[in-house]
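# Geometric and topological summary
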Amino acid sequence: MSIATTALRVAAGQAAAVPGDLDANLRTTARLAALAGDQGVRVLVLPEAFLTGYDAAVFAGSLPGPADLTGPRLDPVREQVLRTGVTVVVGTALDRGSRRTLSTLVVRPDGAAGDGVAAHLPYDKQHVDQPEREWFEAGDHGASVVVDGVELGLSTCYDGCFPEHARAASDAGALGYLCSAAYFPGGAHRRDLYYAARALDNGFYVVLSGLTGSCGASSFIGGSAVYDPEGHPLARLGEEEGLAIAEIQPEQVTTTRERHRMHHEHRDDLGDRVRV
C-alpha cells in the first residue's frame, strides 16, 4: 500500500454540548468547522456523543436516527464543509431502529453527492463501557476515513484503552487514529496515558477530542490533543473551548516505524507459557 506524502492539517476540537438539543449542537459543530476550515484544517474531530450530549437522561430518552443526521437538519454543518473543504468527524448517540449505539458521523466533501457533501455513519463504538451498556450495544466492525490519501482509523473513548483496537487500524494502513472521547473529572491521568501510548505503540498520530464543560448532571474535562508517532503532544487544550491543531506528516510515520520497529516486529503468537 502506498503512503501519502503530503502533510494533513488536523484539529481536535472541544466545546460543551447541550443535553438533548441536536440542533444547538449541530450549530456548534458548524461554528467549530468554520473556525477549523478557515485555518486550513482538513479534518476536524469532535467529542463522543457531542451531537446529543453525553447525559444519562438523554440516553434513556428519544435519540436521533440516521435520517436526522443525514437530512436537512445537518445543513449548517454541510454549509461549512462545502465552503471550507473540511471533513468533520463527530460523535452521537444514535437510534438505529433495531439497536442503540454510540456512533461516529462523518461529514465530508463529495463531488458525487448532489449538494457536494456526503454524510455517513460508518462506525459504532466497539467497546461499550459498563455504565453505557444500559442503553447501548457494541459495534461489530472497525472503520476508517481517507482524506487526501491519508487513512485515519475511527475510535470512540473506551476503544482507545484497548491496544488491539488501535493496532487493527494501524495494520489496516491507518497513519492516524481519530478518538472522540468524554472524560469525567479524575480521569486526566488515564486519558493522557492511553492516547499517547496508542501513538507510541503503533508509530502513528493520534487525534483526541474530549468533551468539556457541563452536560446535564455531569461535567467533563476536555484535554483534546494531537500526539505524534512517538507519543509527544503536538498541540493540547485544557478545559477551554477551542481547537488543538497540528499536522500529520506521513513521512514521519515511516521514519518513526523504521527507528522504533514495534509496528513491524509485532508477534501474533508468543508460544506456550512456561511456569517455574
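Here goes a summary of the coordinates provided. What you are looking at is a predicted structure, and each value in this text was computed from that prediction instead of being measured. (Residues numbered from 1 in each chain as written. Predicted model: local features only at pLDDT ≥ 70, side-chain atom pairs only at ≥ 80, totals over all residues. Heavy atoms only, no water.)

## Things to note about the overall build of the protein
The helix and strand tally for the protein stands at eight helices and 14 strands. The globule rule puts the C-alpha radius of gyration for 276 residues at 19 Å, and the 18 Å found for the protein is close to it. The principal-axis extents of the C-alpha atoms in the protein amount to approximately 60 × 45 × 35 Å. Looking at the protein residue by residue over its 276 residues, the buried ones come to 54%. In the protein, the proportion of contacts linking residues at least 24 apart, taken out of those at least 6 apart, comes to 68%. Across the protein, the mean location of the 24 positive side-chain charges is 2 Å away from that of the 36 negative side-chain charges. (Helix = DSSP H or I, 4+ residues; strand = E, 2+ residues; numbered from the N terminus. Rg over C-alpha atoms; globule rule 2.2 N^0.38 Å. Buried < 20%, exposed > 50% of the residue type's maximum accessible area, 1.4 Å probe, protein only. Contact = heavy atoms within 4.5 Å. Lys, Arg positive; Asp, Glu negative; His and termini not counted. Charge placed at Lys NZ, Arg CZ, Asp CG, Glu CD.)

## As for the sheet that holds strand E1 (residues 8-14)
The strand order across the open sheet built from six strands is E5-E4-E3-E2-E1-E14, with neighbouring strands paired in mixed fashion. Since the sheet does not close on itself, it has two edges, and those belong to strand E5 (117-124) and strand E14 (242-248), each with one partner. Geometrically, the sheet is characterised by an average inter-axis angle of 30° between neighbouring strands, direction not taken into account. In this sheet, strand E4 (residues 100-109) lies alongside strand E3 (residues 87-95) in antiparallel orientation, the contact comprising eight bridges. Residue pairing across strands places Val90 opposite Leu105, the latter belonging to E4. (Pairing = 2+ DSSP bridges. Axes fitted to C-alpha atoms, helices over the stretch in contact; angles between N-to-C directions.)

## Quick look at the environment of Ala143
Assignment of secondary structure puts Ala143 in the loop between E5 and strand E6 (144-147). Sequence separation between Ala143 and Ala169 is 26 residues; the distance between their C-alpha atoms is 8.0 Å. Beyond its immediate sequence surroundings of up to four residues, Ala143 is in contact with Pro122, Tyr123, Leu152, Gly153 and Leu154.

## Comments concerning the nonpolar core
Core analysis: the largest hydrophobic core is formed by 40 residues, its most contacted members being Leu44, Leu51, Phe59, Val77, Val88, Leu105 and Val107. Put simply, the parts of the chain that give this core at least two residues each are helix H1 (22-37), helix H2 (56-60), helix H4 (75-84), E3, E4 and E5. In contact with Val107, other than residues within four places in its own chain, are Leu74, Val77, Val81, Val86, Thr87, Val88, Val117, Ala118 and Ala119. The next biggest cluster of nonpolar side chains, apart from the first, holds 26 residues, and it includes Val43, Val147, Leu154 and Leu237. (Core = buried A, V, L, I, M, F, W, Y, C linked by side-chain atoms within 4.5 Å.)

## Description of the pattern of salt bridges
Under the criterion given, the structure shown has 17 salt bridges. Close ionic contact of Arg191 with Asp192 constitutes a salt bridge, the shortest N to O distance being 2.8 Å. Owing to a relative accessible area of 8%, Arg191 belongs among the buried residues under this scheme. Take Asp192: its relative accessible area is 25%, and that puts it in the partly exposed class. Taking the shortest distance from any N to any O, the salt bridge between Arg259 and Glu230 comes out at 2.4 Å. (Salt bridge = Lys/Arg side-chain N within 4 Å of Asp/Glu carboxyl O.)

## Some points on the sheet that holds E6
Taken in spatial order, the six strands of this open sheet run E6-E7-E8-E9-E12-E13, and their pairing is mixed. In this open sheet, the two edge strands, each paired with only one partner strand, are E6 and strand E13 (233-236). Neighbour-to-neighbour, the strand axes of this sheet turn through a mean angle of 20°, independent of strand direction. Across four bridges, the pairing between E6 and strand E7 (residues 150-156) is antiparallel. In the sheet register, Val147 faces E7, and the bridge partner there is Val150.

## Comments concerning the side chain of Thr156
Residue placement: Thr156 occurs in strand E7. For Thr156, the contacting residues outside a window of four places in its chain are Glu48, Thr104, Tyr123, Lys125 and Ser180.

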